[in-house]
Amino acid sequence: MLDYASVKEGAQIVLSTSSDENHPPENIIDGLDETFWATTGLYPQEVIIRFKSPINISSVAISCFNVQKIALEGSEQDNSDKFVLLSEQEFDRDDHHKQNEEIRVEGNKQVHCLRLLITSGYDHFVAVYNVKVNGRG
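Owing to the predicted nature of the structure, the values given are computational and were not obtained by experimental measurement.

Visitor: Sorry, what's going on with the packing of aromatic side chains here?
Guide: Under the criterion given, the structure shown has one aromatic pair. Both rings, one in Phe 36 and one in Tyr 129, keep their centres 5.2 Å apart while their planes meet at 50°; by these two values the pair is tilted. One end of the pair, Phe 36, is in the loop between strand 1 (12-16) and strand 2 (37-38); the other, Tyr 129, is in strand 8 (residues 127-136), with 93 residues separating them in the sequence. The exposure class of Tyr 129 is buried, given its relative accessible area of 14%. For the cation-ring pair, Lys 98 lies above Tyr 129, with the distance from its terminal atom to the ring centre recorded as 4.1 Å. Taking NZ or CZ as reference, Arg 115 lies 4.1 Å from the ring centre of Phe 83, over its face.

Visitor: When you look at the environment of Asp 92 in this model, what are you seeing that I'm missing?
Guide: Here Asp 92 shows up in the loop between strand 5 (84-90) and strand 6 (99-104). In this structure Asp 92 comes out as exposed when scored by relative accessible area, which is 64%. The spacing of Asp 92 and Ala 71 is 21 residues in sequence and 15 Å in space, taken between C-alpha atoms. When near neighbours in sequence (up to four residues on either side) are disregarded, Asp 92 contacts Gln 99 and Tyr 122.

Visitor: Sorry, what's going on with unusual backbone geometry here?
Guide: The bulk of non-glycine residues show a negative phi, and the bulk of peptide bonds are trans. Cis geometry marks the peptide bond from Tyr 43 to Pro 44; its omega dihedral reads 5°. Relative to the helices and strands, Pro 44 resides in the loop between strand 2 and strand 3 (45-65). Positive phi, close to 70°, is recorded for Asn 66, a residue that is not glycine. With respect to the helices and strands, the residue Asn 66 is situated in the loop between strand 3 and strand 4 (67-75). What makes Asn 66 buried here is its relative accessible area of 9%.

Visitor: Help me out: how do you make sense of the UniProt feature "domain: F5/8 type C" (unreviewed entry) in the protein chain in this one?
Guide: Here the UniProt feature "domain: F5/8 type C" (unreviewed entry) sits at residues 16-120. Here residues 16-120 runs as 0% helix and 54% strand, with 16 Å between its end C-alpha atoms.

Visitor: Hey, could you run me through the pattern of salt bridges in this one?
Guide: When the charged atoms of two side chains lie near each other, side chains of opposite charge can form a pair. Under the defined criterion, the tally for this structure stands at five salt bridges. The residue Arg 115 makes a salt bridge to Glu 46 at a minimum N-O spacing of 3.5 Å. Of this pair, Arg 115 sits in strand 7 (residues 110-121) while Glu 46 sits in strand 3, placing them 69 residues apart in sequence. Its salt-bridge partner being Glu 73, residue Arg 115 comes within 2.7 Å of it at the nearest N-O pair.

Analysis parameters
Residues numbered from 1 in each chain as written. Predicted model: local features only at pLDDT ≥ 70, side-chain atom pairs only at ≥ 80, totals over all residues. Heavy atoms only, no water. Phe/Tyr/Trp six-rings, centres within 6.5 Å; stacked < 30°, edge-to-face > 60°. Helix = DSSP H or I, 4+ residues; strand = E, 2+ residues; numbered from the N terminus. Buried < 20%, exposed > 50% of the residue type's maximum accessible area, 1.4 Å probe, protein only. Lys NZ or Arg CZ within 6 Å of the ring centre and 35° of its normal. Contact = heavy atoms within 4.5 Å. UniProt positions renumbered as here; feature names shortened; annotations may be inferred. Salt bridge = Lys/Arg side-chain N within 4 Å of Asp/Glu carboxyl O.

Shown next as structure tokens:
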């Protein structure tokens, strides 16, 4: 299945509320399981992924650690600050393993940008390893 949120497909990180030089937000779309984006403490934390062209999202797979609650928001425009809620999910705590979750997006909404909004975590810091977006272009 095609992953629209990958560097190979032309996706870019256009905004992040935190960045660590060793664990930058670009790591979530590099396709590597061992790299990750590390947040810096306070919530909410967000990252915006811009797709090469608008897509209809059906689901988002996320691999992370210590995330408690996340919201997915989409924007139809390339350079907009107007996002609409696509889905929200609360993750179970797992102190010893990555959280691997698939979040369904009802209605196959067309978006050009996807915002991941981490509203709470199980610790001061969370890690996001991968984000994979399924849908159709």
